[in-house]
Every structure is written in structure tokens, then in C-alpha cells.
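What follows is each chain in one-letter form.
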Amino acid sequence: MTKITNKLMWVGVAISMALGLTACRNQEPSKASTYAAEIRRTSFGIPHIVAKDEAGIGYGFGYAYAQDNFCMFAEMLVTVNGDRSRYFGPDQTDGPDVETGSIKLTNLQSDFFFKMLNAPEQVTRSWQHQNAESQALVRGFTAGFNRYLADTPAEQQPAQCRGAPWVRKISEQDIMRLARRLASEGPFMQLMPALLAVQPPDSNREPMAHFDVDLRYASREWLGSNGVALGKEATENGRGLLFGNPHYPWFGSLRFYQLHLTIPGKLDVMGVTFGGFPVVRSGFNRDVAWTHTVNTSGHVVFYALTLDPQDPTKYVVDGQTKAMTRETVTVDVKGADGAISKRTHDFWRTDFGLIVQLPGKLQWGDGKAYALFSPSLDNHRMIETWYAMDRASSLDGLQSAMTEHVGIPWTNTIAADADGNTLYANVSVVPRVTQAKEAACIAEPYKKLIDEKLWVLTASAACQLESEPGGLQPGIFAGSELPVLRRTDFVQNSNESAWLANPAQPLTGFPSIVAAKDYPQNGRTRLGITQIQARLAGKDGLEGNRFNMRKLQQIAFNNHSYLGNLLRDDLRTVCSDTRPVVLDGKSVSVAEACAVIAKWDGKANLDSIGVFLAMKWIRGFAMEGGTVAKDIWAVPFSAQDPVNTPRGIKLRDPATLAKMRAALARAVLEAQAAGIDPAKPWGEIQIADFGGRLTPMHGADSADVYNLIRGDARDGNLRVRFGSSYIQVVQFEDDGPRVEAFLTYSQSTDPASPHFSDQTPRFGELGWIPLPFTEAQIKADPEYRSTKLEE
């Protein structure tokens, strides 16, 4: 039996009710109901879901999420099922999740990868490893999504997918496919091209992909974030204060969704998650608040295989010859005439993992092949880890949830609690390459690749990775072996290693695959630390020397460029030479560009002039492959002063000057190619575009601006597609958490929804949005409405 109760429901639900559903006001769920939930919406469409158990929580989430993101989610499932070519043809490159890092795959390439990743036996295995609570949450989400589908006839579904053949009921297995995709999002997903490029040395077939992969980019720039937790020594009220700012795609399966989940007496947590992931991933409850930043740990390793001289599909381990296994996946492909044909691709598997191909580094041939070991593929603990974190009543509980389950795949955790304590933890799934294993198993020719985040071990029984006794999963570090720091002043991270979570207490002594040390930090890390230190020293121009919510928001979104301000005089000196630059045989005028850059205020605000040129210029000479450039600095990097070095440019060095002038010329050419007038205010250049609803946008695509925003050039503008996403500032007070936040791209991907882009203008003007959390706050919200569901 299906029932729905409605109070002031928005129009999409009202239409569904008109289709003959049983409606009754304030009716309690029947005892026989399998699923029951109340969905209470507040301003900006945020659902507050109340249920008696996990199945009900999942049910309410699935229904609410379908109301807001039905078509996007349905298409996400097409992707993870490896069916894009069947419905959209093989050559499309603009679907959700087809992009990975700086690489765009075709539908066919994506399909081959996901058919391999989500092979039926692997999906079944993932489901079987979920505990009872996790299975109940997933079953509930599936039922809730399918309930919305049943309530909404095809002709009333959102226009983007109305009548589409790929819209269908979903299953628990679909959610497991999504979970496997999320677990693999780190380096394994970034290595999709390296897996697709594999062909035996004697093969005449054309490789599926021709890409290089830079895992430094994957860990430090593709996905990023800032997190700051302030403790009792740093806050005005002596309680915890948290800032979280993940940098994520604005489209696709990594798009966040705001929600509030309550099981009376057991769970009361608010924040964000991904579609189909039925727990809060980053957020807060009454006692603790946390955010995540993408970490720099290695999450995959490679094994160097010695090939059988007679057969390159065989390899020799400890004197024994073994055959590789050919795994053929088959994809349905829609032709230009609409007919469906079959295409196949072969992956090659060994006892050490799948064969990969990285041009110029790890290639199959000349007696060698390289296998990829990714423990993320066997991480089935994500839902139960975050569900335990959601229920934590202290930092001890939050830390225990992470260290006991080790289910976080590729992020750090930064947290604060109501008592004024802070926590940094890099507790994630990392291959257990101990210092001893690294010394014994990484041969000399491969040691130099560690700086490129490539750990290449000898393929032997002695070099296979073992777990600590009693470990949760073969081949990974135990939670107790990974970096954790507790402080009462502050911890922070902006996509660097654990080393300088707090410079007063460096985290050292860990294997290189876990946490590097003694290396130059990115600009966002240096900016964050110096701004915190200036505030605590009372040297930032603000009143006092401690933080409250407003002061934290001010330093988080002042849009300062760290290197821009550090190097401003050097930039002006270089610009004093306005002669044209000869670049690739072409003379490039830089005089106009230098005149524009002279007006730059060192920020990426809406009224800033010259942002595009300045940021492109600085990136062109100060960064190399996602890391800080070498050999250009007047004061080189020092591990004894890592926050303040390197600095200054070697202006008397002809090679450095030539490099800087060439980078300036390239910035000029980039602006010309994009049709961008760099003399315009930044808010006229960078915009968020949701169905023609345009919002000027601050922030910049830079490694040294906290508010990272990245866009594609179109029609003389940059259209935002990536960057600051769910931003939360959580201040604990005597009566509980006070929270202000943005979901920068808003809740819904349906252009007909009132919540398609309603938060985006607020973010554009930095009009912080208070989040209702208590029962009184929720019911007092001016847009409060309630729906009760059961079946």
C-alpha cells in the first residue's frame, strides 16, 4: 500500500499527487509499511528527512533526490553500467563522468572501462560486503527513487529525459556500481586511459587511447579543497569553528546534494553527499563538524613484470612462468542508422593486477610489462564508515569511525567539535608500501618515478603487499598506521600532504606513499597558514586576535592570490620591458598586457582587472606539472621555513627572465584564442551559466587562490564548470551549531525546478545562507513544507 501526505508541496510533487495517489494530512505510517519517511523542505529546497530506521532514511533521500536530479541520476547510471554507446553513440565526449582529470574520453572508451570495473561478479561481491545498516540505506534509496518514477508518468518527467529509453527503475546493484565508481575516483580513475591504451606488443590493433597521465595533477588539481578547523585557543567563544570548501565538478556524479537526515535518538546529521550515496559525506551534527580535502597519498602501486622471452602474454615470478588472463568486454554500440552492433575490448590481468601502459614510463614491451594494484576496488566500507562518522558524538568517535573502518578512499578529514578541539586525519585506503618495502622492492631505475607518484615494485612473492595483522583488507595500511593530529589551536589542509597540517607540529616519519615531507607547498596552503597565523597574531587588520564566523568567512573569501601579492613587484619589473616576445617563431606584443596587469589588485574579485592574464602568467612560470617550479627563485625553498619559501624571482638570471616573458606571451595568446578582453572587470569575464541564467563569478583557476573556480572559454567568457562547491562554516555555540553555507550550483539539475540555480546568485554576491538545523529553525523557515511517504 502506498500513501503520501502533503503540506505546501512544490509543484512537481503536487502534479504527482493529482495522478491518483492516496493523499491524507498528518497520517501516521501504517505498521505494515516497509518504507516510511517524512521529507520536510526548507528554503532553497533543502530536504530534512525523518524516519524511524535506515530503510526509511534511504527512502526519503531517494525520493527527494529524484525530485531534484532525476535525469542526471538516470544518465549517471547509464555511464556506470557501460551503456553510453548504446543510447548516445560511441563518439560523444560531453556526457557526465566521461571527463577524468584533463582528459576527455569518448562514450566507447568510458563504456569499456565501466564494463570492466563493474563486472557482475564484482558488483555482487560489493553488495555482499555491505553490513545490514548499509544495505537498508541502499534498499531504501532504491525504493524511494523508484517510487518517484512510479508516481511520475513519462509525459510529466523532466524535459531533459522525458520518454528516453534509458530511463528505468533502478536496483541495489546500480548503487553498488556508483559506489565502485566513487571508490575509484582517485588515481585508478585517472588511469583509465592507461588501461585502455594496453595492447600486447605484437598486436596489430589500434590502441583505444593515446594519453599520458600525470598523477600529480590528479591528486593536487583535478579535485581539490580547503579545510580549516579552529579550536578553543583560536576562537572568540572557546568552541570549535570549521571552514570547508571542496573544489569539485559542478556537473556529473561528483556534484554534491544538501540534505538533513534524522532517526530520532540515533542520527541527526546535516551536510552533503553524492547521488545514490545514502549518508552525509561532509557536514555536521550537534557535536562535531567535518570536511574533506583530496589527499596526496598514493592510492595505487605498480608491479614490474619480467616477461617470458617467447610470449609477451606470459610473465615470470620467482622462477615460475604464469599466463596473463585476457578479459574481453563487450559493448552495445548505436550506429548512425540506429542499429545496434557489438564492439569488444581486451583487458589483461595478472596476479598483481591489470596491465597498464604509460608512454615513456611504463610500457608493455622489451621484456617488461606493468601491472596496476588498486586496493580501492576492494574497499566496500565507504557507506558504513561515513554512517559511523555521521553518528559520532565527539572527535574521539569521529576518529574511531575512520580508523576502525578505513573506508574513506582518497581524502583527508579536517574536523572541529563543540568543546574546542580539532582533528586532522589522513586515514584513507593506501597500499601498504612501508619504508622497508620501498627500500627492498623498488629498484633503482624506478626510484625517480616516486616524485611523479608512481611506486613501481618488483613482481615477486616477497614484494606483494601484506596487511598489518588483523587488517581489514589485504595490502593496505591499518588506520592506526596513518597520520592523525589533534590540536586546540588549528589544523588545515589544501591538498598537500599531512606534513604541515599545523606547522608547529609537523607530521613526519611516514612512508613516502602516505605523506611526503620537505617539499614546496602550493600557494593555497601557504595562503591558508599565513592568514591563520596573521589573525592569531592580530596582524591581519581585523579586530582582536581570534576567530569568529565572520572573520573566518572574510579570510576564506577575500580572493587573494598568494603568489600574485608575493611577486607583485617582480611582475612589474619584468613588465618594464615591453618589447615583443618571440614565441614559436611568432612575435607577441606584451605592452598592452603589462598595462592591464599594472591595474591588477592581486585578487580575483568581481571588480578586479587583469585576473585572466595575471593568473595565466603566474601559473606559466611558477608551476610545473602541478608542482612548484624550481630554479627561478631568489630565495629557494627551505624545509626549515616551508611556509615562507620559495619567494622572489631571480631577476638577474637571463634564463629566468626569458621563461617569465615567454609565459607572459603565452597568457596573451590564450586570451586572444579565447576571445577574452582581459581589460574587463573579472565579473564580466567569468560567469556561471545555468540555462541562460548568468551570474558573475569571483574566484580563479589558480593554485594560490582559496576560492578555486575553473571555466571553459565560450563567447568571450569563461563559463564555470568546476571549483568551490559546498561551502560550510560551522560555529559551535552554547546551544549547538550555527551554520552558514552555499551549494554554489544549487540543489537541482532540472531547469524547471525553482532550485535549479537559486543559490548561485547568493554565492556570486557572497550572501551567506543560514542553515536551519533544530526543529524550531526548520519549522520557522518561510518555505517550510512537508511530505509523508510510505509503502
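Computed from a predicted structure; not experimentally measured.

Caption draft 1: Local environment of the state of the cysteines. Counting across every chain of the model gives three disulfides. Here cysteine 71 connects covalently by a disulfide to cysteine 161, the sulfurs 2.0 Å from one another. Across the S-S bond linking cysteine 71 and cysteine 161, the dihedral sits near -70 degrees, which makes this disulfide left-handed. Separated by 90 residues along the polypeptide, cysteine 71 in helix 2 (residues 54-80) and cysteine 161 in the loop between helix 6 (132-151) and helix 7 (172-183) bring together distant segments of the chain.

Caption draft 2: Representation of unusual backbone geometry in the model. Threonine 645 connects to proline 646 through a cis peptide bond whose omega is 0 degrees. On the secondary structure map, proline 646 appears in the loop between strand 28 (633-635) and strand 29 (647-649). Not every positive phi belongs to a glycine, and aspartate 366 is a case in point at roughly 55 degrees. In this model, aspartate 631 sits at a positive phi of 65 degrees, which is unusual for a non-glycine residue. Looking at the element boundaries, aspartate 631 is found in the loop between strand 27 (627-628) and strand 28.

Caption draft 3: Representation of the nonpolar core within the structure. Phe73, Leu398, Trp617 and Phe621 are the most contacted members of the largest nonpolar core, which totals 242 residues. Looking at this core element by element, the count peaks at 17 residues for helix 2. Setting aside its immediate chain neighbours within four residues, phenylalanine 73 contacts Tyr65, Phe141, Phe145, Ile170, Ile175, Leu178, Gly275 and Gly276. Among the nonpolar cores identified, the runner-up in size contains five residues, and Leu500, Tyr519, Ile529 and Val643 belong to it.

Caption draft 4: Region of interest: the packing of aromatic side chains. Here the structure, examined in full by the defined rule, presents 35 aromatic pairs. Each ring, one from phenylalanine 70 and one from tyrosine 148, has its centre 5.4 Å from the other, and the planes form 55 degrees; the classification is tilted. With phenylalanine 70 in helix 2 and tyrosine 148 in helix 6, the pair connects residues that are 78 residues apart, well separated along the chain. Taken as a pair, phenylalanine 70 and tyrosine 148 share a single burial class, namely buried. Ring geometry for phenylalanine 277 versus tryptophan 386: centroids 5.6 Å apart, planes at 85 degrees, classification edge-to-face. Of the two residues, phenylalanine 277 is situated in the loop between strand 9 (267-274) and strand 10 (282-284) and tryptophan 386 in helix 11 (residues 382-390); the sequence distance between them amounts to 109 residues. Comparing phenylalanine 277 with tryptophan 386, the two get one shared label, buried. Each member of the aromatic cluster is reached from another via a ring pair, and the members are Phe61, Tyr63, Tyr65, Phe70, Phe73, Phe141, Phe145, Tyr148 and Tyr257. Between the NZ or CZ atom of arginine 710 and the centre of the ring of phenylalanine 722, over which it lies, the distance is 4.5 Å.

Caption draft 5: Structural view of the side chain of serine 702. For serine 702, the position within the fold is in the loop between strand 31 (693-696) and strand 32 (709-714). By relative accessible area, serine 702 is classed as buried at 8%. The residues touching serine 702, leaving out its near neighbours within four places in the chain, are Arg524, Met615, Arg619 and Leu708.

Caption draft 6: Spotlight on the pairing of strand 35 (residues 736-743). Within strand 35, seven of the eight residues are buried, which leaves it mostly tucked inside the rest of the structure. Looking at chain direction, strand 34 (residues 726-733) and strand 35 are connected through eight bridges and run antiparallel. Of the residues in strand 35, the one forming a bridge with glutamine 731 is arginine 738. Hairpin connection of strand 34 to strand 35: two residues between the antiparallel strands. Across two bridges, the pairing between strand 35 and strand 36 (residues 769-770) is antiparallel. Note on strand 36: the bridge partner recorded for glutamate 740 is proline 770.

Caption draft 7: Structural view of the environment of proline 580. Considering the arrangement of structural elements, one finds proline 580 in the loop between helix 18 (568-575) and strand 24 (581-583). For proline 580 and glutamine 67, which are 513 residues apart along the polypeptide, the C-alpha to C-alpha distance reads 56 Å. Here proline 580 is in contact with Ser587, Val588, Ser589 and Arg661, once residues within four sequence places are set aside.

Caption draft 8: The pattern of salt bridges, seen in detail. Under the defined criterion, the tally for this structure stands at 40 salt bridges. Note that arginine 579 and aspartate 577 form a salt bridge whose closest N and O atoms lie 2.7 Å from each other. Linked by salt bridges that have partners in common, Glu54, Glu133, Lys266 and Arg391 make up one network.

Caption draft 9: Summary view of the packing of helix 18 against helix 20 (residues 611-622). Look at helix 18 against helix 20: their axes get within 13 Å of each other, and the N-to-C directions meet at 95 degrees. Here helix 18 is positioned roughly perpendicular relative to helix 20, judged by the angle of their axes. The segment helix 18 lies against helix 20, with Leu571, Val574 and Cys575 engaging Trp617, Ile618 and Phe621.

Caption draft 10: The arrangement of the environment of glutamate 466 in detail. Counting through the fold element by element, glutamate 466 comes out in the loop between strand 21 (456-458) and strand 22 (484-487). For the pair glutamate 466 and glutamate 481, spaced 15 residues apart in sequence, the C-alpha separation works out to 14 Å. The contact partners of glutamate 466, leaving out residues within four places of it in the chain, are Arg432, Lys437 and Gly475. For glutamate 466, the side chain forms a polar contact with the side chain of lysine 437, separated by 3.1 Å.

Caption draft 11: Focus on helix 20. Compared with an ideal rise of 1.5 Å per residue, which puts 12 residues at 16 Å, helix 20 spans 16 Å between its outermost C-alpha atoms and is within 8% of the ideal. Of all the 12 residues making up helix 20, nine are buried; the element is thus mostly covered by neighbouring parts of the structure. Taken as a whole, helix 20 has its buried residues at Val611, Phe612, Leu613, Ala614, Met615, Trp617, Ile618, Phe621 and Ala622.

Caption draft 12: Region of the structure containing the confidence of the model for the protein chain. With 92% of its residues at a pLDDT of 70 or more, the protein chain has an overall mean of 92. pLDDT under 50 marks residues 6-30. Its contacts with residues more than four places away, or in other chains, come to 51 contacts.

Cut-offs and rules
Residues numbered from 1 in each chain as written. Predicted model: local features only at pLDDT ≥ 70, side-chain atom pairs only at ≥ 80, totals over all residues. Heavy atoms only, no water. Disulfide = S-S within 2.5 Å. Helix = DSSP H or I, 4+ residues; strand = E, 2+ residues; numbered from the N terminus. Core = buried A, V, L, I, M, F, W, Y, C linked by side-chain atoms within 4.5 Å. Buried < 20%, exposed > 50% of the residue type's maximum accessible area, 1.4 Å probe, protein only. Contact = heavy atoms within 4.5 Å. Phe/Tyr/Trp six-rings, centres within 6.5 Å; stacked < 30°, edge-to-face > 60°. Lys NZ or Arg CZ within 6 Å of the ring centre and 35° of its normal. Pairing = 2+ DSSP bridges. Salt bridge = Lys/Arg side-chain N within 4 Å of Asp/Glu carboxyl O. Axes fitted to C-alpha atoms, helices over the stretch in contact; angles between N-to-C directions. Parallel < 35°, antiparallel > 145°, perpendicular 65-115°, else oblique. Polar contact = N/O pair within 3.5 Å; in protein donor to acceptor, adjacent residues only side chain to side chain. Expected span 1.5 Å × (residues − 1). pLDDT = per-residue confidence, 0-100.

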